[in-house]
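Chains, contacts and geometry: an overview
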Amino acid sequence: VIVSLPYGRKAASLLAARSGAKLVETGLPLGLKGTTTWLATVARAAGIAELPAAVTGLERRAALTVSPVVDSLAHRNAVYAGDPHLFAAFSSFARELRINVRAAVINSKPMALDSAFTPSLLLFSPGTAAARAAIAGLNGFSKADLLVGNSFAGTENLCPGLPLTELGFPSYGRHCLADEPFLGYEGAKRLAASLFNSFWRSRA
């Protein structure tokens, strides 16, 4: 089985054609449900009808770890800035955390998003000034509390005054000496913690 992630569709297709392996196209395993769905998709492609019970245990433990921050993040409004594939994955996890993604600035030409959710404000590769003005126009119950995106969202001052949780490439402001995943169950825990820390640090 060759697993084709969104960034390597052509290469995966060529490898499958040349090798005779079964090709399975997936999104990114981000968040709790997103990771379980991803694992189930790959398992079915490999001829495994049901996920092992251990996977349910991993999901449950990750959910318990994340649960203490959900009430604090619930109903907060986020702006996403980055690539379209990561948006689809993040928007799903945001719903698990009860975060509202009110706006998305997608770094690509206009395209259909592989997401069950479309924010009310959706911009594809806008000029910085236009994007900043559109986001600043969010008010009332839609006023943004968080900015989630790559380093350009910060360096371009997309949302002045909003805390930034770096997610995606490039990431110039966050460096670490140990693995800090944002995919999979471990990644869900770390990303939830990063969102919580960013939001509450801005309120200090």
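Residues numbered from 1 in each chain as written. Predicted model: local features only at pLDDT ≥ 70, side-chain atom pairs only at ≥ 80, totals over all residues. Heavy atoms only, no water.

1. Concerning the overall build of the protein
Looking only at helices and strands, the protein has seven helices and seven strands in total. Mapped from its N terminus to its C terminus, the protein presents α and β elements in the order β-α-β-α-α-β-α-β-β-α-β-α-β-α. In terms of overall size, the protein behaves like a compact globule, its C-alpha atoms giving a radius of gyration of 18 Å where 204 residues would be expected to give roughly 17 Å. Each principal axis of the C-alpha distribution contributes one length, and for the protein these read about 50 × 40 × 35 Å. Counting all 204 residues of the protein, 41% fall into the buried class. Residue pairs in contact within the protein that sit at least 24 positions apart in sequence constitute 52% of those at least 6 positions apart. With the model as given, the accessible surface of the protein reaches about 11100 Å², and the carbon-plus-sulfur share is 57%. (Helix = DSSP H or I, 4+ residues; strand = E, 2+ residues; numbered from the N terminus. Rg over C-alpha atoms; globule rule 2.2 N^0.38 Å. Buried < 20%, exposed > 50% of the residue type's maximum accessible area, 1.4 Å probe, protein only. Contact = heavy atoms within 4.5 Å. Areas by Shrake-Rupley, 256 points an atom, 1.4 Å probe, with all protein chains shown as cover.)

2. Remarks on the pairing of strand S3 (residues 77-82)
For S3, the buried fraction is high: six of the six residues fall into the buried class. Burial along S3 is two-sided: Asn77, Val79 and Ala81 facing one way and Ala78, Tyr80 and Gly82 facing the other are all buried. Strand direction decides the pairing type here: S3 and strand S4 (residues 100-106), joined by six bridges, are parallel. Paired with alanine 81 across the two strands is valine 105, which belongs to S4. For the handedness criterion, the β-α-β arrangement of S3, helix H4 (residues 84-96) and S4 is classed as right-handed. Relative to strand S6 (residues 146-149), S3 is paired through four bridges, and the arrangement is parallel. Paired with alanine 81 across the bridge in S6 is glycine 149. (Pairing = 2+ DSSP bridges. Right-handed = clockwise from strand over helix to strand, strands pointing away.)

3. Let's talk about the packing of helix H3 (residues 53-73) against helix H7 (residues 184-202)
The description of two packed helices rests on the angle between their axes and on the distance between the axes. Where H3 contacts H7, the axes come no closer than 9 Å and their chain directions differ by 5 degrees. On the basis of the axis angle, H3 is roughly parallel to H7. On H7, the residues touching Val55, Leu58, Glu59, Ala62, Thr65, Val66, Val69, Ser72 and Leu73 of H3 are Tyr185, Ala188, Lys189, Ala192, Leu195, Phe196, Phe199 and Trp200. Across the contact of H3 with H7, the residue classes tally to 13 nonpolar, two polar and two charged. (Axes fitted to C-alpha atoms, helices over the stretch in contact; angles between N-to-C directions. Parallel < 35°, antiparallel > 145°, perpendicular 65-115°, else oblique. Nonpolar A, V, L, I, M, F, W, Y, C, P; charged D, E, K, R; others polar.)

4. Some words on a nonpolar patch on the surface
On the surface, a nonpolar cluster with roughly 210 Å² of combined accessible area is contributed by Val1, Val3 and Leu5. Looking at the secondary structure, you find valine 1 in the segment before strand S1 (2-4). (Patch = residues over 30% accessible without salt bridge, like charges linked within 9 Å, V, L, I, M, F, W, Y side chains within 5 Å. Salt bridge = Lys/Arg side-chain N within 4 Å of Asp/Glu carboxyl O.)

5. Overview of the environment of aspartate 83
With respect to the secondary-structure elements, aspartate 83 resides in the loop between S3 and H4. Taking the C-alpha atoms as reference points, aspartate 83 and valine 105, 22 residues apart in sequence, are found 8.4 Å from one another. If we ignore the near neighbours within four places in the chain, the residues touching aspartate 83 are Tyr7 and Ile106.

6. Focus on the nonpolar core
Residues Tyr80, Phe90, Leu97, Ile99 and Leu195 are the most contacted members of the largest nonpolar core, which totals 32 residues. Taken together, the elements giving at least two residues each to this core come down to H3, S3, H4, S4, S6 and H7. Of all hydrophobic cores here, the second largest spans 14 residues; its members include Val105, Leu123, Ala131 and Ala153. (Core = buried A, V, L, I, M, F, W, Y, C linked by side-chain atoms within 4.5 Å.)

7. Structural notes on the packing of aromatic side chains
Throughout the structure, instances matching the rule amount to five aromatic pairs. Centre to centre, the rings of phenylalanine 152 and tyrosine 172 are 6.3 Å apart; their planes meet at 75 degrees, and the pair counts as edge-to-face. Linking phenylalanine 152 in helix H6 (residues 151-155) with tyrosine 172 in the loop between strand S7 (164-166) and H7, this pair joins segments that are 20 residues apart in sequence. What makes tyrosine 172 exposed here is its relative accessible area of 54%. (Phe/Tyr/Trp six-rings, centres within 6.5 Å; stacked < 30°, edge-to-face > 60°.)

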